[in-house]
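Residue-level listing of the chains:
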Amino acid sequence: MFRFAPSLTGDMHIGDLRAALFNYICAKQQNDKFIVRIEDIYKKRNIEDKDILNILTIFGITYDHVYYQSDNFKYHLQFASTLLDEKKAFMCFCNTYELEAKKELAKQEKSAYKYDGTCENLNRDDIIESTKPSVIRIKKPRVDISFSDTIKGNLTFLKDSIDSFIILRVDKYPTYNFACAIDDMLQGVTYVIREEDHLSNTPKQEHVRHSLGYNEKIQYVHLPIILNSTGKKMIKEDDVSRVQWLLDQGYIPEAIINYLILLGNKTPKEIFTLSEALEWFDIKIISKLPVKFDLDKLKFLNKEHIKLLSDEELAKRVGYSSKNIGKIAKLYAKEKSTTFEIKQKIDALFAKKKTDGKYSENLAVLKNIIKDSPQFEEFDEFKRHLMQKSGFKGKFLFKPLEILLTNSENGPELAVLYPLIKNYIKEITQ
Ligand code: GLU
């Protein structure tokens, strides 16, 4: 069982999409199930679950089931209580602010903060009599924790590197590690593909499951972090890291998928579709090293994938429905790399034309002639008719005509464009 477990705390990050994609591919390749678990337990929500599910649909990432972490809330509480009963967890009354201060100090001294165990051995009376707010901590592991990672190999975390960490907070909500470990256990997850940032969480999650007596093996894949163009870890504030931003800029899902599969990977070809990648994608050979996000490379792939779309499909992607608009879009795709830029060009064809430029008088004359003209099938006939009626020649005919038809002085060749726009000529030149 594979899973993708997004939180609702921000726009979907490109790293989240990569995790979802790789889980989807591996599940398909192994003929296994793939579930989405929306980690909605915290009240701090910035986005809706439908934002995430919509993005998965846009990218063709299908799943067998959607779970909501909040539905498991009762189990999180029950398992915390089991751990308390079995003395594998304890209530902690330490002052959160004081602990935070200690944590901060440790950070400044560049050492890892670990809970010192103050409340681990409180007696019953101390606990009952205490009026202080409390959290529940799981007792630190007594043995080292090992697990297998497909990219990094077998990893072992020494028992002393993990402290007695919080599983239920003061507000009695489970912490991420506790809820995640229980959900993976209840949902029968056997593969976890996620970003490398979670590597330090993995031993804690393993420890929770082992403490509950659950020893089903999970195979991990911690994907290398994605760096931005300055070589720093890409954060949610980097525009390019937000999937919705990329879509809004006109990067098409096919190209983004291609790019994510290519990132830090050896593939048999450079341009491919998701269904082709399903045939040969091998998660074992993904780079261990951080990978740099290169927008120029994505732009290049985007251009190539736009060329691969059918005319009808491209028309749709730029907000139109006619096949001819798709053909015009293909003309613009020779110089533009995103559907957003292409759409701007197509919209400009139908927009009101600039009539105050260098050729404004000629443009006004041509506009009037076209208004009263019949429709011409061929560009040559159309051109001859305009020449005859206006008496304009050379650039005095072609420059204003180009502006009138394309809203630009260097649009596609008119002879090529004309057959595609002849049906809309009055609309365009109005
Ligand atoms: N909700 C966490 C995140 O989005 C879960 C990660 C995971 O365990 O896969 O980072």
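For the structure, check the block above.
Each chain has its residues counted from 1, running along the sequence as written. It should be noted that, the model being predicted, local features are given only for residues of pLDDT at least 70 and side-chain atom pairs only at 80 or more, the latter also being counted only at that level, while totals for whole chains, interfaces and linings use all residues. Heavy atoms throughout the structure, all of them, feed into the side-chain values; hydrogens and water do not.

Enquirer: How should helix α11 (residues 295–308) be read in this particular structure?
Expert: It helps to recall that an α-helix has 3.6 residues per turn; residues three or four apart then point in one direction. Taking 1.5 Å per residue, 14 residues should reach 20 Å; α11 reaches 20 Å between its end C-alpha atoms and fits that length. Turning to α11, its buried residues are L298, L301, N302, K303, H305 and I306. Here, two residues are considered to be in contact whenever any of their heavy atoms come within 4.5 Å of each other. Numbering of helices and strands runs from the N terminus; a helix is a DSSP stretch of H or I covering at least four residues, while a strand is a stretch of E covering at least two. Lining the buried residues of α11 we find α8 (243–248), α9 (253–262), α12 (311–317), α13 (323–332) and α14 (339–350). Capping of α11 at its N-terminal end is provided by D294; its side-chain oxygen lies 3.1 Å from the backbone amide nitrogen of D296. The span expected for a helix works out to 1.5 Å for each residue beyond the first. Using a 1.4 Å probe on the protein chains alone, a residue whose accessible area is under 20% of its type maximum counts as buried, one over 50% counts as exposed, and one in between counts as partly exposed. In the analysis that follows, any N or O atom pair within 3.5 Å is treated as a polar contact, provided that within protein one partner can donate a hydrogen and the other can accept it, and provided that, for residues neighboring in sequence, both atoms belong to side chains.

Enquirer: What exactly am I supposed to notice about the site of the ligand here?
Expert: Taken together, R3, A5, P6, S7, E39, Y176, C180, R194 and H198 form the complete shell of residues around the ligand. A5 places a polar main-chain atom, nitrogen or oxygen, 2.8 Å from a nitrogen atom of the ligand. Only the protein chains shown count as cover for residues, and all accessible areas are computed by the Shrake-Rupley method using a 1.4 Å probe. The fraction of the free accessible surface of the ligand (290 Å²) that becomes covered by protein chains is 83%. For the shell around the ligand, the residue count by class is four nonpolar, two polar and three charged. Whether a residue is near a molecule or strand depends on its heavy atoms: it is near if one of them lies within 4 Å of it. Throughout this entry, Asp, Glu, Lys and Arg are counted as charged residues, while Ala, Val, Leu, Ile, Met, Phe, Trp, Tyr, Cys and Pro are counted as nonpolar. The remaining residues, Gly among them, count as polar.

Enquirer: Looking at this model, I keep getting lost on the nonpolar core. Mind explaining?
Expert: Generally speaking, a soluble globular protein has its nonpolar side chains buried in company with each other. What is meant by a nonpolar core is a set of buried Ala, Val, Leu, Ile, Met, Phe, Trp, Tyr and Cys residues, joined one to another through side-chain atoms within 4.5 Å. Counting residues in hydrophobic clusters, the biggest one holds 93 residues, and the most contacted among them are I256, I261 and F382. With 10 residues, the single largest contributor to this core is helix α1 (residues 14–29).

Enquirer: What exactly am I supposed to notice about the pattern of salt bridges here?
Expert: Once their charged atoms are close, side chains differing in charge can pair, the charge on each being opposite to the other. By definition, a salt bridge exists where a carboxyl oxygen of Asp or Glu is found within 4 Å of a side-chain nitrogen of Lys or Arg. Taken as a whole, this structure holds 29 salt bridges when the rule is applied. Of the charged contacts, one joins E270 and K297 as a salt bridge, the two residues approaching to 2.3 Å between their closest N and O atoms. In this pair, E270 is assigned in the loop between α9 and α10 (274–280) and K297 in helix α11, connecting sequence segments 27 residues apart. Given a relative accessible area of 25%, K297 falls into the partly exposed group. Three or more residues joined by partner-sharing salt bridges are found here, namely R3, R37, E39, D183 and D184.

Enquirer: Please explain helix α16 (residues 379–390) as it appears in this structure.
Expert: Under the 1.5 Å per step criterion, the end-to-end length of α16 is 16 Å for 12 residues, consistent within 8% with the ideal 16 Å. Turning to α16, its buried residues number three or more, namely F379, F382, H385, L386 and S390. Buried residues of α16, viewed axially, fall in a sector of 130°; they line one side. Looking at the buried positions of α16, the neighbouring elements they touch are α15 (360–371), α17 (394–406), α18 (414–421) and α19 (425–429). Here the arc refers to the set of directions running from the helix axis out to each C-beta atom.

Enquirer: What am I meant to see in the packing of α9 against α11 here?
Expert: A packed helix pair is summarised by two numbers, namely the angle formed by the two axes and the spacing between the axes. Lines fitted to the C-alpha atoms define the axes, with helices restricted to the stretch that makes contact. Angles between their N-to-C directions range from 0 to 180 degrees. Between α9 and α11, the shortest axis-to-axis distance is 8 Å and the interhelical angle comes to 135°. With respect to each other, α9 and α11 are oriented oblique. Relative to α11, the crossing made by α9 is right-handed. Of α11, the residues touching α9 (which contributes E254, A255, I256, N258, Y259 and L262) are K297, L298, L301, N302 and H305. Grouping the amino acids of the contact of α9 with α11 by side-chain chemistry returns six nonpolar, three polar and two charged. Working rule for angles: under 35 degrees goes down as roughly parallel, over 145 as roughly antiparallel, 65 to 115 as roughly perpendicular, anything else as oblique. Crossing chirality is assigned from the near helix's rotation relative to the far helix, an anticlockwise turn below a right angle marking it left-handed and a clockwise turn marking it right-handed.

Enquirer: Please explain the packing of helix α3 (residues 73–85) against helix α6 (residues 176–186) as it appears in this structure.
Expert: Running from amino to carboxyl end, α3 crosses α6 at an angle of 105°, the nearest separation of the two axes being 10 Å. By the angle between their directions, the pair α3 and α6 is classed as roughly perpendicular. For the pair formed by α3 and α6, the contact residues are Y75, H76, F79, A80 and L83 on the first element and F178, A179, I182, D183, M185 and L186 on the second.

Enquirer: Would you take a moment to explain the packing of aromatic side chains for this structure?
Expert: Here the aromatic set is Phe, Tyr and Trp, taking the six-membered ring for Trp, and pairing holds for ring centres within 6.5 Å; pairs whose planes are under 30 degrees apart are stacked, those over 60 apart are edge-to-face, and all others are tilted. Counted by the stated rule, this structure contains 14 aromatic pairs. Each residue in the set F376, F379, F382 and Y418 is aromatic and connected to the rest through ring pairs, giving one cluster. Geometrically, a lysine NZ or arginine CZ counts as sitting over a ring once it is within 6 Å of the ring centre and also within 35 degrees of the ring normal. Positioned above the aromatic ring of Y115, the side-chain terminus of R137 is 3.7 Å from the ring centre. Just above the ring of F165 sits the side chain of K204; from NZ or CZ to the centre is 5.2 Å.

Enquirer: Quick question: what am I supposed to make of unusual backbone geometry here?
Expert: Note: most peptide bonds trans; most residues except glycine with negative phi. The backbone of K172 sits at a positive phi, close to 70°, despite the residue not being glycine. Looking at the secondary structure, you find K172 in the loop between β8 (166–168) and α6. Notably, N407 is not glycine yet its phi reads approximately 70°, a positive angle. Locating N407 in the fold gives a position in the loop between α17 and α18. According to the relative accessible area criterion, N407 is buried, its value standing at 15%.

Enquirer: In this structure, what is going on with the environment of Y115? I would like to understand it.
Expert: Note that Y115 resides in the loop between α4 (96–108) and α5 (124–129). Y115 gets classed as buried once you look at its relative accessible area, which sits at 7%. Remark: the alpha-carbon pair of Y115 and K102, spanning 13 residues in sequence, is separated by 9.3 Å. If we ignore the near neighbours within four places in the chain, the residues touching Y115 are F90, C92, C94, L99, R137, D163 and S164. From its side chain, Y115 meets the backbone nitrogen of T118 in a polar contact 3.4 Å long.

Enquirer: It is not clear to me how the environment of A364 should be interpreted in this structure. Could you clarify?
Expert: Its place among the elements puts A364 in helix α15. For A364 and L401, which are 37 residues apart along the polypeptide, the C-alpha to C-alpha distance reads 10.0 Å.

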